[in-house]
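If you want the building blocks of each chain, they are given just below.
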Amino acid sequence: MLIVQKFGGTSVGDLERIQNVASRVSETKKAGNDVVVVVSAMSGETNKLVAYAEHFSSNPARAEMDMLLSSGERVTASLLAIALNEMGHEAISMTGRKAGIVTDSLHTKARIEEINPTAMNEALKEGKIIVVAGFQGVSTNGNVTTLGRGGSDLSAVAIAGAIKADLCEIYTDVSGIFTTDPRIEPKARKLTQISYDEMLELASLGAKVLQNRSVELAKKLNVNLVTRTSFSNEEGTLITKEENIMEKPLVSGIALDKGQARISLMGVADRPGIASEIFNKLAKSGVNIDMIVQNKAHNGETNIDFTIPSGDLNDAKLVVHSFVKDGDIKDESYNETICKVSVVGVGMKSHTGVAAKAFSAMAKENININMISTSEIKVSMVIDEKYGELAVRSLHDAYELEK
Ligand code: ADP
Ligand code: ASP
Ligand code: MG
């Protein structure tokens, strides 16, 4: 088999763990498989580099951030290759560029445009183990880019698709996908399977166990994706097509996203085209918009509230300020102490009362709901950040997910 194995930050968190990863890769290779390994930076390393940059600037140039952040993954890739060579394997490390990962120029959250796997295919033909530095690529104008936080998952899935791997294994510090973050709710239950769509919702709504774009791509390329732990041989969770899943629970999981901010625009000129102008400009600045609520206009003015990832707040403020300056918006306010809790399940498509149950669970704990949004397979609520964990546990109970 041709297998892609991705090891996250905790799995390569210190030298002993890198040795442990080397042993696992070695066993996979000795069992007769071809292996491409994708590694993250050692845990905490990327945050440390971000903090270094923030020492000098609150808004550092994005291209410089990519130069800086991509270094963490190179450290682990080369160390793992050295460890594998020492064990008698022929292993080589590759940067994103060498692995042929070409992206657009949206620095710090670049999108993969294409993968040219020539170098990887040649090395594989020579029987080598390839260790790719995750999270990074090269833009069409030759600059190093990174793929957004948690982006090594995306590197792994994209590579698996490009070299037509039989399997893509994501090794992390928990044994699979649970009904919610087991660090928040110890009663969370491990799922043996979950559909791409549900996993995509959970990941997009804050379950950082898989980066959302990696799930999106896995679905598109039909990659066989398994999440499991690097600390034992316990079986993980298969992420697969909905039709492959036998049992379809009403609710599959609960997600919590604490990295959200709410922007309130007051006294917005009530004329055709204004929403388009504001949100197009935000989109051009790379700001990801989530929930939007617009109130009924009054005296030619309206209020618009929306949520974004906290990391996009600086960029969003610049855009909002420009509209305030032009007089199209009277006043602005920002709230970073919010979070979003979400209930996800394909079973919602055919059942009623799922949202009502979520609202009752919040009411029971006396938690006020600020914003609500729903789709075919999810219900999301924005609440005060300090109630996030409590909300997750009460929803987990309300839908009896431990059973
Ligand atoms: P890695 O460094 O290996 O990429 P991450 O920290 O990005 O690992 O993701 C693993 C973490 O995701 C777990 O430690 C867990 O706390 C968290 N997590 C959140 N939601 C879930 C979930 N539904 N199932 C499993 N883990 C989850
Ligand atoms: N090291 C990067 C991060 O912490 C990428 C990754 O680990 O997937 O976001
Ligand atoms: Mg991760």
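Quick note: structure is the one above.
Report follows, based on the coordinates. Please read these numbers as outputs of a predicted model, since none were measured by experiment.

**Considerations on the nonpolar core**
Here is step 1 of the chain: V4, V36, M120, I159, I163, C168 and M199 are the most contacted members of the largest nonpolar core, which totals 43 residues.
Here is step 2 of the chain: Breaking this core down by element, the ones donating at least two residues are β1 (2–7), β2 (34–39), α4 (118–125), β6 (129–133), α5 (152–162), β9 (167–172), α6 (196–204) and α7 (212–221).
Here is step 3 of the chain: With six residues, the single largest contributor to this core is α5.

**A few points about the site of ligand 2**
Here is step 1 of the chain: Every residue close to ligand 2 is listed here: S40, T46, E73, F135, R149, G150, G151 and S152.
Here is step 2 of the chain: A distance of 2.7 Å is found between a nitrogen atom of ligand 2 and a side-chain nitrogen or oxygen belonging to E73.
Here is step 3 of the chain: Take R149: an N or O atom from its side chain is 2.6 Å from an oxygen atom of ligand 2.
Here is step 4 of the chain: Out of a free accessible area of 260 Å², ligand 2 has 86% covered by protein chains.
Here is step 5 of the chain: Across the shell around ligand 2, the residue classes tally to one nonpolar, five polar and two charged.

**Comments concerning the site of ligand 1**
Here is step 1 of the chain: Not every one of the 17 residues close to ligand 1 is listed here, only the nearest: T172, D173, F178, D181 and R183.
Here is step 2 of the chain: F178 has a polar backbone atom sitting 2.9 Å from a nitrogen atom of ligand 1.
Here is step 3 of the chain: R183 places a polar side-chain atom, nitrogen or oxygen, 2.7 Å from an oxygen atom of ligand 1.
Here is step 4 of the chain: Look at ligand 1: alone it shows 580 Å² of surface, and the protein chains cover 89% of it.

**Overview of the pattern of salt bridges**
Here is step 1 of the chain: Inspection of every chain in the model, using the stated rule, returns 20 salt bridges.
Here is step 2 of the chain: A salt bridge links D197 to K219; the shortest N-O distance between them is 2.9 Å. A residue pair is termed long-range when its members are at least 10 positions apart, and D197 in helix α6 and K219 in helix α7 qualify at 22 residues.
Here is step 3 of the chain: The exposure class of D197 is partly exposed, given its relative accessible area of 25%.
Here is step 4 of the chain: The partner of E400 in a salt bridge is K403, with the nearest N and O atoms 3.6 Å apart.
Here is step 5 of the chain: By relative accessible area, which is 44% here, E400 ends up partly exposed.
Here is step 6 of the chain: Take K403: its relative accessible area is 66%, and that puts it in the exposed class.

**With respect to the layout of surface pockets**
Here is step 1 of the chain: Each pocket or cavity is described by its volume, and for the second largest pocket that value is around 300 Å³.
Here is step 2 of the chain: For the second largest pocket, the full set of lining residues is R111, I112, E113, E114, I115, L154, A158, R213, E216, L217, K220 and L221.
Here is step 3 of the chain: For the lining of the second largest pocket, the secondary-structure elements that each account for two or more residues are β5 (112–115), α5 and α7.
Here is step 4 of the chain: For the lining of the second largest pocket, the element with the most residues is α7, which contributes five residues.
Here is step 5 of the chain: A class-by-class count of the residues in the lining of the second largest pocket yields six nonpolar, no polar and six charged.

**Quick word on the sheet that holds strand β8 (residues 144–146)**
Here is step 1 of the chain: In space, the four strands of this open sheet follow the order β5-β4-β7-β8, with mixed pairing throughout. Of all the strands in the sheet, just β5 and β8 have a single pairing partner and so form its edges. Sheet twist, expressed as the mean angle between neighbouring strand axes with direction ignored, is 45°.
Here is step 2 of the chain: Pairing of strand β4 (residues 101–103) with strand β7 (residues 136–139) involves two bridges; the strand directions are parallel. From the neighbouring strand, T103 faces β7, where its bridge partner is S139.

**Things to note about the sheet that holds strand β12 (residues 237–240)**
Here is step 1 of the chain: With mixed pairing, the eight strands of this open sheet are ordered in space as β3-β6-β2-β1-β9-β11-β12-β10. The open sheet has two edge strands, β3 (91–94) and β10 (193–195), and neither has a second partner. Adjacent strand axes in the sheet meet at a mean angle of 20° when their direction is disregarded.
Here is step 2 of the chain: Sheet topology note: the β1/β2 ladder contains six bridges and is parallel. From the neighbouring strand, Q5 faces β2, where its bridge partner is V37.

**Points about the pairing of strand β17 (residues 371–375)**
Here is step 1 of the chain: When β17 meets strand β18 (residues 378–384), the two strands line up antiparallel, connected through five bridges. Following the sheet pairing, S375 is matched in β18 by K378.
Here is step 2 of the chain: Connecting β17 to the next strand, β18, in antiparallel fashion are two residues.

**With respect to a nonpolar patch on the surface**
Here is step 1 of the chain: Together, L15, V75, L79 and I82 line one region of the surface with nonpolar side chains, adding up to about 360 Å² of accessible area.
Here is step 2 of the chain: The element that contributes the greatest number of residues to the nonpolar patch is helix α3 (residues 62–86), accounting for three residues.
Here is step 3 of the chain: On the secondary structure map, I82 appears in helix α3.
Here is step 4 of the chain: Assessed through its relative accessible area of 54%, I82 is described here as exposed.

About the thresholds
Residues numbered from 1 in each chain as written. Chains lettered and ligands numbered in written order. Predicted model: local features only at pLDDT ≥ 70, side-chain atom pairs only at ≥ 80, totals over all residues. Heavy atoms only, no water. Core = buried A, V, L, I, M, F, W, Y, C linked by side-chain atoms within 4.5 Å. Buried < 20%, exposed > 50% of the residue type's maximum accessible area, 1.4 Å probe, protein only. Helix = DSSP H or I, 4+ residues; strand = E, 2+ residues; numbered from the N terminus. Near = heavy atom within 4 Å. Polar contact = N/O pair within 3.5 Å; in protein donor to acceptor, adjacent residues only side chain to side chain. Areas by Shrake-Rupley, 256 points an atom, 1.4 Å probe, with all protein chains shown as cover. Nonpolar A, V, L, I, M, F, W, Y, C, P; charged D, E, K, R; others polar. Salt bridge = Lys/Arg side-chain N within 4 Å of Asp/Glu carboxyl O. 1 Å grid on protein atoms, 1.4 Å probe; cavity = no way out; pocket = protein on both sides within 12 Å on 5 of 7 lines; lining within 4 Å. Points joined across faces, edges and corners; volume = space filled by probe spheres on them. Pairing = 2+ DSSP bridges. Axes fitted to C-alpha atoms, helices over the stretch in contact; angles between N-to-C directions. Patch = residues over 30% accessible without salt bridge, like charges linked within 9 Å, V, L, I, M, F, W, Y side chains within 5 Å.

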